[in-house]
Amino acid sequence: MKVFRRLILAIGMFGLVYNCAQVKKSRTIKLAHGLDVNHSVHKAMVKMGEDLVKISGGKMQMEIYPSQQLGTERECIELLQIGSLDMTKVSVGVMENFAPHMKVFGLPYLFKDRAHSFRVLDGAIGQELLDEGIQYWIKGLAYYDAGSRSFYTKDKPIRTPDDLKGLKIRVMESVTAMDMVKSLGGSPTPISWGELYTSLQQGVVDGAENNPPSFYLSRHYEVCKYYALDEHTVLPDVLIIGTHIWNRLTEQEKQWLKQAVDASVVYQRKLWAEAEKEALEEVQKAGVTVIRPDKELFSKEVEAVYSLYEQEEDIRELIERIKDYN
């Protein structure tokens, strides 16, 4: 009987060790971002996590922390750099502080249209820029659609560039964004996204600039009743992963993750198109005046921003490559 019990115990211990080994074979990727759970980017990330489990047969999974649970975009990048976070999503405007050539996306009216921007982002130029942050322990995986950014204001409608003169406009911590607002006569004021609603309410700034879904989901339309669709810049979101985790993944795991990422990009862009339409409809229902100004007026006014980069040969060449990209 004692021998039998020992045999059962040994089998049980073997099973426990085996199961623990199996559990260890499952890798969990921790991802955080600052957007609302109703945002198309978050929904795409949820799909990415679900697809990752299916593709890997349960060997990889994802934990998602939305709504700045782990910090602002810059704070998430810093967590990623020290290895406390695996993945995050940031605007390319923030990313330019870690991948300097990405500042080219902040240049106004750089792309001919949305299709042109997708060709550039999904092609060789886009990939080059995704890899630029590796020296800072950041690897870009893909671009999510964030539409075009336009101005919204509290008290004064923007119909021409002159209407921006003297207004304090919130911008991201982006040199190109600040240069663009200055060229239009405005006063650029960097403020974190999480503090912007209160800053608008209290009059710290007179307005801001962002895409329709962000304007809607942030509820900034409750304070700002004018939205001018000048569509000055196309700033995509960038999905990034820390090199600390990327370099530990096997080639198979990298393939699984990339497959899930690519599928999420297609899904997010579809959701984004729907979200843009819905956002504009809803803010107008809430009393926002949507203005469609002559973009040519704004385009001419910001040409001076390009002259600031004439002495930077690599940026100048990058601008030419993007404009000529078919």
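Just so it is clear, the model here is predicted, and its values are computed rather than measured. (Residues numbered from 1 in each chain as written. Predicted model: local features only at pLDDT ≥ 70, side-chain atom pairs only at ≥ 80, totals over all residues. Heavy atoms only, no water.)

A. Up close: the overall build of the protein. What the protein contains, in helices and strands, is 14 helices and 11 strands. For the protein, long-range pairs separated by at least 24 residues make up 76% of all intrachain contacts whose partners lie at least 6 apart in sequence. Of the roughly 15400 Å² of accessible surface on the protein, a fraction of 52% belongs to carbon and sulfur atoms. Within the protein, the 46 negative side-chain charges are centred at a point lying 9 Å from the centre of the 41 positive side-chain charges. (Helix = DSSP H or I, 4+ residues; strand = E, 2+ residues; numbered from the N terminus. Contact = heavy atoms within 4.5 Å. Areas by Shrake-Rupley, 256 points an atom, 1.4 Å probe, with all protein chains shown as cover. Lys, Arg positive; Asp, Glu negative; His and termini not counted. Charge placed at Lys NZ, Arg CZ, Asp CG, Glu CD.)

B. Here's a closer look at the environment of Val-171. Mapped onto the secondary structure, Val-171 falls in strand S6 (residues 168-171). Sequence-wise, Val-171 and Ala-208 are 37 residues apart; in three dimensions their C-alpha atoms are separated by 6.6 Å.

C. Structural context of the pairing of strand S9 (residues 226-233). Extensive coverage of S9 is indicated by the burial of 6 of its 8 residues. Looking at chain direction, strand S5 (residues 149-153) and S9 are connected through 4 bridges and run antiparallel. Counted as the bridge partner of Arg-149 is Thr-233 from S9. (Buried < 20%, exposed > 50% of the residue type's maximum accessible area, 1.4 Å probe, protein only. Pairing = 2+ DSSP bridges.)

D. Representation of the pairing of strand S2 (residues 60-65) within the structure. As paired elements, strand S1 (residues 27-32) and S2 share 6 bridges and run parallel to each other. Paired with Ile-29 across the strands is Met-62, a residue of S2. For the handedness criterion, the β-α-β arrangement of S1, helix H2 (residues 40-56) and S2 is classed as right-handed. (Right-handed = clockwise from strand over helix to strand, strands pointing away.)

E. View of the sheet that holds S9. An order of S7-S6-S8-S5-S9-S11 is seen for the 6 strands of this open sheet, with the pairing classed as mixed. The outermost strands of the open sheet, each flanked by one partner alone, are strand S7 (187-190) and strand S11 (289-291). When the angles between neighbouring strand axes are averaged without regard to direction, this sheet yields 30°. Pairing geometry for S6 and strand S8 (residues 207-210), over 2 bridges, is parallel. Counted as the bridge partner of Arg-170 is Ala-208 from S8. Contacting S5, S6, S7, S8 and S9, helix H7 (residues 175-183) crosses the sheet at an angle of about 155° to S7. (Axes fitted to C-alpha atoms, helices over the stretch in contact; angles between N-to-C directions.)

F. Inspection of the pattern of salt bridges at higher detail. Under the defined criterion, the tally for this structure stands at 20 salt bridges. For Lys-165, the salt bridge is made with Asp-162, and the minimal N-O distance between the two is 3.2 Å. Judged by relative accessible area, Lys-165 falls into the partly exposed class, the value being 49%. Between Glu-274 and Lys-270 there is a salt bridge whose closest N-O contact spans 3.0 Å. Placement of the pair is Glu-274 and Lys-270 together in helix H11 (residues 251-285), with a separation of 4 residues, close to one helical turn. Classification of Glu-274 by relative accessible area gives partly exposed; the value is 44%. (Salt bridge = Lys/Arg side-chain N within 4 Å of Asp/Glu carboxyl O.)

G. Summary view of the side chain of Asp-51. In this fold, Asp-51 is placed in helix H2. Judged by its relative accessible area of 12%, Asp-51 is buried. The contact partners of Asp-51, leaving out residues within four places of it in the chain, are Ala-260 and Ala-263.

H. Molecular detail of the sheet that holds S2. Taken in spatial order, the 5 strands make up an open sheet running S2-S1-S3-S10-S4, and their pairing is mixed. The open sheet has two edge strands with one neighbour each: S2 and strand S4 (138-144). Ignoring strand direction, the axes of neighbouring strands in this sheet form an average angle of 25°. Across the face of the sheet, helix H6 (residues 124-131) comes into contact with S4 and strand S10 (237-242) while running at roughly 140° to S4.

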